[in-house]
Amino acid sequence: MAADLVRMVGIAKSYGPVTALAGVDFAVYENEIVGLLGDNGAGKSTLIKILSGTVSATSGEIYMRGKKVLIRNTTDAINLGIETIHQDSALVTQLSIARNLFLGREPLIGPPIFNRMDQRTMNEVAGTLLKRIGITKDIPATTPVSYLSGGERQAVSIARALHFDSDLIVLDEPTNNLGVEETQGVLRFMRGARDSGHSLIFIAHNIHHVFQVVDRIVVLRRGKVVADDVDPKSTTIEAVERIITGVPATG
Amino acid sequence: MNLANRPGSLLVRRLTSTPEFLPFTLVVVLVVVFASLTPNFLSRGNISNLLAFTPELGMIALGMTVLMTSGEFDLSVGSVFGFTPVLMWTLFNEGATSLEVALLISLAVAVLIGFVNGTFVTRLKIPSFLVTLGMMMTIRGTALYTTSGFPQRTWRAESWLMDLVAGSFYIGEFRLYASIFWFLGFALVLGYILTQSKIGNWIQAAGGNPVSARARGVKVGLTKTWLFILTAFMAAYAGITSSIRVAAANPNSGTGYELEVIAMVVIGGTALGGGRGTIIGTVLGVFMLRMMRNGIVLVGVPGLAYNIFIGVTILTMMALQSYLARRHPSGAG
């Protein structure tokens, strides 16, 4: 088995009297796509939010490549190389593709006091990236994101993670609201990212999408891990659905 | 009618999709209409007059543009416009300090007001409407109470500062005020910040999608707090400029300015909800409303009818912008 990239140990989270996570152990290895499945309220989102720094755990530890790390906010997570792509693709639709790609990490040019963005570099890099992830349509990097389709927006988010060489890309429902073709595009980007050395966590309600692309499936139910090494090649969708709902097979 | 398939329509589309297109067109229309109705409109005296009072509201509008781009607005600007000159001239008239120090103190107080606004909005998560409404009444009340409602005199002062801020000089027979240069200077700096700088990218992102901006590591709260400070500073500076020009600091001055300024900014093409702002548009919006006020009086329409024109203009502009926005999905980038 490959080496650990991220290991979360004994992660617990309560919102007042409500327990969202009750001591979860979850690991992602180098160079793999993990499917994280579970019903509504199983704790998938909370687990991912803890990893991406938007929520802090009540208790538990996180290790990256064997070293204990502290993720207090999103900046910490990004600095550790963890990129999260949310379902409604967290882009600022009024801004251009290039400005979105570099948001928060804009390259500067000239004396620091002028705080001037290097827009030429931003646009050039963005143009190259769009081609690399397979957007063949001729879209200038200065186009506002509001002009893009849902699939293209997800592509921009993934391009951002690839460019900043994130070790771990977390995709939270990236195929929601996408058409068939666009979904295939996103899945293709995911395989490409893995093949170029990244690890990914894929959260989706649509198990069919998960089955097409992941190497391993982890299932959460009511805040606990109930299966963490399901190989999609040696099981069926129905079997996984039974693990998710906790209903034993009939007959 | 399908415009997209007609030759040459690409240029038209690009032009009409810029947010500055409408205000620019209207400014041109206004100049033509007023100039044809009354020759006085383009007279030397009237243009000079227009350039004297336009920068005062204009400077507030510049600050408000950047603040609104970040998704907030400030109703206390009119009160700050009235209060800070009162404070400055009171300090000077009472012999407490020199005029220079009094200016610095009142600008510092404006910075503090902006800081309080920003902190209440970003830390306590109270909508800017409520916070700045409260601040508007607090500051106006302070100005009225401390002066018992009487204007502060300014004519005893002789200082290089007054010339620098709001002095005037003649080019030939044309009287030009220093404030127009301050206005243009501020417009250049803020236009640069909004379109070229990294901070500008953060400002637009904070207004466009604060949740995702925060997820990218953008310090949304801090950015907005600085913009509240900037807006209060601009309002204070504009108020001081005005007090020097009219030679009085009236605790009532600036009443109602907040809404007129927001109207200028929105007419200029800045989105009321944030995420998109244009300094060029605001400069056009400022000139448009000031020219209307001026032109209406010159043409002989009763001054009391002014608000009818402004109201109808705002409604028309919004309708046209919404029509254009539907033709071009996001207006413009």
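Reading guide: rules and limits
Residues numbered from 1 in each chain as written. Chains lettered and ligands numbered in written order. Predicted model: local features only at pLDDT ≥ 70, side-chain atom pairs only at ≥ 80, totals over all residues. Helix = DSSP H or I, 4+ residues; strand = E, 2+ residues; numbered from the N terminus. Rg over C-alpha atoms; globule rule 2.2 N^0.38 Å. Buried ≥ 20, exposed ≤ 12 C-beta atoms within 10 Å, placed from the backbone. Contact = placed C-beta atoms within 7 Å. Nonpolar A, V, L, I, M, F, W, Y, C, P; charged D, E, K, R; others polar. Pairing = 2+ DSSP bridges. Axes fitted to C-alpha atoms, helices over the stretch in contact; angles between N-to-C directions. Parallel < 35°, antiparallel > 145°, perpendicular 65-115°, else oblique. pLDDT = per-residue confidence, 0-100. Core = buried A, V, L, I, M, F, W, Y, C linked by C-beta atoms within 7 Å.

Caption draft 1: Examining the overall build of chain A more closely. Along chain A, the regular secondary structure elements total eight helices and ten strands. Here the C-alpha atoms of chain A give a radius of gyration of 19 Å, agreeing with the 18 Å that 2.2 N^0.38 yields for 251 residues. Taken over the C-alpha atoms alone, chain A extends approximately 65 × 40 × 35 Å along its principal axes. For chain A, with 251 residues in total, the buried portion stands at 43%. In chain A, the share of contacts with a sequence separation of at least 24, taken over all contacts with a separation of at least 6, comes to 68%.

Caption draft 2: The arrangement of the interface of chain B and chain A in detail. Listed per partner, the contact involves 22 residues of chain B and 25 residues of chain A. Residue assignment for the side of chain B that touches chain A shows that the elements contributing at least two residues are α9 (198-208) and α10 (210-215) of chain B. At six residues, the largest contribution of residues to the side of chain B that touches chain A is made by α9 of chain B. The class makeup of the residues in the side of chain B that touches chain A is seven nonpolar, eleven polar and four charged.

Caption draft 3: Here's a closer look at the sheet that holds strand β3 (residues 33-37) of chain A. Residues and elements named next belong to chain A. Taken in spatial order, the six strands line up as β6-β7-β8-β3-β9-β10 in an open sheet, and their pairing is mixed. The open sheet has two free edges, formed respectively by β6 (82-85) and β10 (224-230), since each of these has just one partner strand. Along the sheet, successive strands turn relative to each other by an average axial angle of 20 degrees, direction set aside. Relative to strand β9 (residues 216-221), β3 is paired through four bridges, and the arrangement is parallel. Opposite Leu37, over in β9, you have Val219 as the bridge partner. Its contacts with the sheet put helix α8 (residues 237-245) on β3, β9 and β10, and the angle it makes with β9 is roughly 30 degrees.

Caption draft 4: Fine view of the pairing of strand β4 (residues 59-64) of chain A. All names here are of chain A. Inspection of the sheet shows strand β1 (residues 4-15) paired to β4 by five bridges, in the antiparallel sense. Bridge assignment links Ala12 to a residue of β4, and that residue is Ser59. With three bridges joining them, β4 and strand β5 (residues 67-69) adopt antiparallel strand pairing. Paired with Ile62 across the bridge in β5 is Val69. Hairpin connection between β4 and β5: a loop of two residues separates the two successive antiparallel strands, and Arg65 in this loop has a positive phi of roughly 50 degrees.

Caption draft 5: Geometry of the packing of helix α5 (residues 150-163) of chain A against helix α6 (residues 180-195) of chain A. All names here are of chain A. For the pair α5 and α6, the least separation of the axes is 9 Å and the interaxial angle reads 10 degrees. One element, α5, and the other, α6, form an angle in the roughly parallel class. Counted together, Gly150, Gly151, Gln154, Ala155, Ile158 and Leu162 of α5 and Glu182, Gly185, Val186, Phe189 and Ala193 of α6 form the full contact between these two elements. A class-by-class count of the residues in the contact of α5 with α6 yields six nonpolar, four polar and one charged.

Caption draft 6: Fine view of the sheet that holds β4 of chain A. Residues and elements named next belong to chain A. On the basis of which strands lie adjacent, the open sheet formed by four strands has the order β2-β1-β4-β5 and antiparallel pairing. Whereas interior strands pair on both sides, the edge strands pair on one side only; in this sheet they are β2 (18-29) and β5. On average, each strand axis in the sheet is tilted by 25 degrees relative to the strand beside it, whichever way the strands run.

Caption draft 7: Structural context of unusual backbone geometry. Positive phi values are uncommon outside glycine, yet Glu173 of chain A reaches one of about 50 degrees. Along the polypeptide, Glu173 of chain A turns up in the loop between β7 (168-172) and α6. Residue Glu173 of chain A is classed as buried on the basis of its C-beta count, with 20 C-beta atoms lying within 10 Å. Of note in the backbone geometry, Ala247 of chain B takes a positive phi value of approximately 60 degrees without being a glycine. In this structure, Ala247 of chain B sits in the loop between α11 (220-246) and β4 (248-249). With 13 C-beta atoms counted inside 10 Å, the residue Ala247 of chain B sits in the partly exposed group.

Caption draft 8: Spotlight on the pairing of strand β2 (residues 168-171) of chain B. Residue and element names in this part refer to chain B. Note that β2 and strand β3 (residues 174-177) share four bridges and pair antiparallel. Within β3, the position partnered with Tyr170 by the bridge is Arg175. Between the antiparallel neighbours β2 and β3 lie two residues, among them Gly172 with a positive phi of about 65 degrees.

Caption draft 9: Spatial organisation of the packing of helix α8 (residues 178-196) of chain B against α9 of chain B. All names here are of chain B. Where α8 meets α9, the axes come as close as 5 Å, and the angle between the chain directions of the two elements is 75 degrees. Here α9 runs roughly perpendicular to α8, going by the angle between their axes. On α9, the residues touching Ile193, Leu194, Thr195 and Gln196 of α8 are Ile199, Gly200 and Ile203. Partitioning the contact of α8 with α9 into residue classes produces four nonpolar, three polar and no charged.

Caption draft 10: Quick peek at the confidence of the model for chain B. Residues with a pLDDT of 70 or more make up 94% of chain B, whose mean pLDDT is 89. This stretch, residues 1-5 of chain B, has a pLDDT under 50; its non-local contacts, to residues over four places away or in other chains, come to three contacts.

Caption draft 11: Summary view of the nonpolar core. Ile201 and Phe202 of chain A together with Ile60, Met64, Val80, Ala235 and Val261 of chain B are the most contacted members of the largest nonpolar core, which has 151 residues in total. Element by element, the count of residues in this core is highest for α11 of chain B, at 15 residues. Ignoring any residue separated from it by four or fewer positions in sequence, one finds Val80 of chain B in contact with Ala110, Ile113, Ile139, Ala232, Ala235, Ala236 and Gly239 of chain B.

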